[in-house]
Amino acid sequence: MQINSPDFKNSSKKALDNPGLQKALGNLRNGFPVKRANAVQRMPEFELLRNEGRDIKNHVIANLDFYLEEFETNVTKNGGNVHWACDAEDARKAILDICQKANAKTVTKGKSMVSEEINLNEYLESNGVQPVETDLGEYILQLREDHPSHIIAPAIHLNLDDVSSIFSEKHGTPHTSDPAALMQEAREVLRDKFVAADVGITGANFCVAETGSTIIVTNEGNGDLTQTLPRVHIVITTIDKVVPTLEDMSLFLRLLARSATGQEFTVYNTLSTGPRRENDADGPEEYHVVLLDNGRSEMIGTQFQDMLRCIRCSACMNHCPVYGAVGGHAYGWVYPGPMGSVLTPKLIGIEKSGHLPNASTFCGKCESVCPVHIPLPKMMRHWREKEFEKHLSPKGFRFGIGTWAYFAKRPALYRWLARASAFSLKLMGGKSRRIRSLPLKNGWTAWRDLPAPEGGTFMDQWKKNQSTETSPSHPDNKCRS
Amino acid sequence: MSSSREQIFANIRRGLKRDALQGDALKAVQGRLKEHPSNTIPARSKLPHNEQIQLFIEMVAEASAELIKLDNSSEFPFAVNKFLGENKLTHLVSANSAELSQLDWSVLRDITIERRPAQAGDLVSLTSSFAGIAETGTLMLLSGADSPTTLNFLPDIHLVMLRQSNIVGAYEEAWDKLRSQRAEMPRTVNMITGPSRSADIEQKLQMGAHGPKRLVIFLVAE
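Residues numbered from 1 in each chain as written. Chains lettered and ligands numbered in written order. Predicted model: local features only at pLDDT ≥ 70, side-chain atom pairs only at ≥ 80, totals over all residues.

**Q** Teacher, can you tell me more about the interface of chain A and chain B here?
**A** A common way to express how large an interface is: the accessible area buried when the components associate. With 78 residues of chain A at the interface, the matching set in chain B holds 60 residues. Examining the composition of the side of chain A that touches chain B, we find that eight residues originate from one element, helix H11 (residues 179-196) of chain A, more than from any other. Classifying every residue of the side of chain A that touches chain B gives 36 nonpolar, 23 polar and 19 charged. As paired elements, strand E9 (residues 268-272) of chain A and strand E9 (residues 188-192) of chain B share five bridges and run antiparallel to each other. For Tyr-268 of chain A, the partnering residue across the bridge sits in E9 of chain B and is Ile-192 of chain B. (Contact = placed C-beta atoms within 7 Å. Helix = DSSP H or I, 4+ residues; strand = E, 2+ residues; numbered from the N terminus. Nonpolar A, V, L, I, M, F, W, Y, C, P; charged D, E, K, R; others polar. Pairing = 2+ DSSP bridges.)

Below you can see the structure in the form of structure tokens.
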């Protein structure tokens, strides 16, 4: 996927002015967060599970070499192959090589964000192998030559009309605005592709070290047809997906379903262990796991290590006011929202993605819903610091921060200036107590009035409250004995 | 030049500031793998078995699967015959598991039964379930010579026989059951909770995406 992250500011403006996108994002805001809240409420142990999830992931990272070796040993023992890939190029080559050895003309694909990360579709196509996306959302996007804007609901930026138009154009069918009919259409078209494919490529939500299994979690069943019907099954995944045992995997499945879609359990949780057994009636004859690093191993021992706990549930973006306003494409690469703002700078460089960790109000909602307690705002702050240290932030911004720091280091002057500003803003507000335009602040006042301050500063109020704190409490507040 | 594998392991160990695990540290993680301890199991499914069955039935309904209760397994072929008749289905593809093959299927006089993996165009399949998990109304099906995985996904309607005695509370109990009854993991373990669905168009849930549009569980008491 092409990197458009440096253009975040322009893309955001366009997103805010795009009525279709704004309508589609409304579906997100009213959907996932409500469903998650209900599911969490039904699971009294949820907080306990989150803590355990965090602890197990920390344990895995501290022993990552051991668990990866164990996973590799068990995949091999079951007749599968593990291919290690340092970077995207390694992973693409490994996959193409397997496809070419299988004489593959078409490959079906289950949904995989890692395959987006390595630009797999373009690469396969340019080497004569036709990839076919089979997840409904991904299929719609492939027809539109579009990319996912969300890690679990890839076509969330589109409306019914968009789907209807592209299906009618590409399938040669009459327009319909019935989503059930559109889904049936995709089902029928893809049925033949599933059967015809030589290779099936899926991602993995987890890799189980104990058994050498990979697991995919889907609601549609497309991933299962992708990996069962073709002669060769390739799993493309990353080194941070390994978990020790089936019991640990079960814990993460409980967390994932509730945090992602607010379901009690996802419809299909499917474990694959090696190729088909000797007498099996169906299933692939070859099973390959491509384990990609792409910079993740370098996060260990750094202030970004906690990001490796991420289970890609999307709760952080579903609850993020910035994502909710501009959508996923504005972020300009594969991973949007708060988790993307932390991961993207590591994967493509802070030079190209400096806007992302700045695209946060630091409201903290992302961290509060994260199933493995990743301190996302803290890590976005780390990226901001790195950006500042590398002198990557714009001049105006650096000047502003520098000026603020000058006064912040001189408290008496700071307080005097704050008092003077509050007083003049109060005067400017007049009777309406609102300021309609303010020099240098049209970023705010172009869209809404600035409420005028009451006149006093925070410090003034603080002092005043401190002096009244000793007043006796209301008699009703006393404990009755 | 070192291989990708060597490079990745070197990076990990540099980050962890240590060499490959040895001694007690190694024994500790090996021990954890071998013992595979359970994490917190939600209290929801910690119930007497008859209440677990009730919970399973409730959760199955919530997942939009259908459930038909039968007193004993000899009724099962009759129930399948009735279902196929009511739905005007004349062709059944079936698994050949011991649980299914020991039953008398002669009652399906007007139905063609084929015991094979599923193909595109098959309308209805029949399989048996290794376990039912009460916590979320989930079926656990295993691949094998007599139970092809495609039967669980290609046809429009999936009929599944589940014995009540195979219902457990939580996923962890199903893994214990699998470990105790099988020497090795089957190629595919399917945990299935309701029929296929998608909300990829405008976040509105539609049933029957790529997998079965209907999942019908025949719960057999004996």
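Now that the structure is up, let's keep going.
**Q** When you look at the sheet that holds strand E7 (residues 232-238) of chain A in this model, what are you seeing that I'm missing?
**A** All names here are of chain A. One open sheet accounts for six strands, arranged E1-E10-E7-E4-E2-E3; its pairing is parallel. The open sheet is flanked by strand E1 (81-85) and strand E3 (130-133), the only strands paired with a single partner. The average angle at which neighbouring strand axes cross in this sheet is 25 degrees, direction not considered. Pairing geometry for strand E2 (residues 106-109) and strand E4 (residues 199-202), over three bridges, is parallel. Looking across to E4, one finds that Thr-108 is bridged to Gly-200. (Axes fitted to C-alpha atoms, helices over the stretch in contact; angles between N-to-C directions.)

**Q** Quick question: what am I supposed to make of the packing of helix H10 (residues 160-171) of chain A against H11 of chain A here?
**A** How two helices pack is summed up by the angle between their axes together with the distance between the axes. Residue and element names in this part refer to chain A. At their nearest, the axes of H10 and H11 sit 11 Å apart, and the two run at 40 degrees to each other. Read as a crossing pair, H10 and H11 show a hand that is left-handed. Residue-level contacts link Leu-160, Val-163, Ser-164, Phe-167 and His-171 of H10 to Pro-179, Leu-182, Glu-185 and Val-189 of H11. Residues that form the contact of H10 with H11 fall into these classes: six nonpolar, two polar and one charged. (Left-handed = near helix turned anticlockwise from the far one by under 90°.)

**Q** Explain the domain arrangement of chain A to me, please; I cannot follow it from the model alone.
**A** All names here are of chain A. Per the domain assignment, the segments of chain A are domain 1 (31-294), domain 2 (299-393) and domain 3 (410-466). Put simply, the middle of domain 1 and the middle of domain 2, counted by C-alpha atoms, are 23 Å apart. Across the boundary between the two partners, domain 1 contributes 23 residues, which contact 23 residues of domain 2. Every element with two or more residues in the side of domain 1 that touches domain 2 is listed here: helix H3 (32-41), helix H4 (46-62), helix H7 (113-117) and helix H13 (246-260). (Domains from an automatic or database assignment.)

**Q** Is there a simple way to think about helix H4 (residues 76-86) of chain B in this case?
**A** Side chains three or four residues apart in an α-helix point the same way, a direct result of the helix having 3.6 residues per turn. Within H4 of chain B, burial applies to Phe-76, Val-80 and Leu-84 of chain B. Viewed end-on, H4 of chain B has its buried residues packed into an arc of 70 degrees, placing them on one side of the element. (Buried ≥ 20, exposed ≤ 12 C-beta atoms within 10 Å, placed from the backbone. Arc of directions from axis to C-beta.)

**Q** Just checking my understanding: could you explain the environment of Glu-133 of chain A for this structure?
**A** Residues and elements named next belong to chain A. Of note, Glu-133 is situated in strand E3. Between the alpha carbons of Glu-133 and Gly-430 there is a distance of 60 Å; along the sequence they are 297 residues apart. Ignoring anything within four residues of it in the chain, the contact list for Glu-133 reads Lys-109, Glu-138, Tyr-139 and Gln-142.

**Q** Mind showing me how you'd approach helix H3 (residues 49-62) of chain B here?
**A** Residues and elements named next belong to chain B. Between its terminal C-alpha atoms H3 stretches 20 Å, which fits the 20 Å expected from 14 residues at 1.5 Å a residue. Residues Gln-52, Leu-55, Phe-56, Met-59 and Val-60 constitute the buried set of H3. Relative to the axis of H3, the buried residues are bounded by an arc of 135 degrees and lie together on one face. Those residues of H3 that are buried are in contact with strand E1 (66-70), strand E5 (131-133), strand E8 (167-168) and strand E12 (214-220). Where H3 ends, the next residue or the one after it, Ser-64, has phi of about 65 degrees, a positive value. (Expected span 1.5 Å × (residues − 1).)

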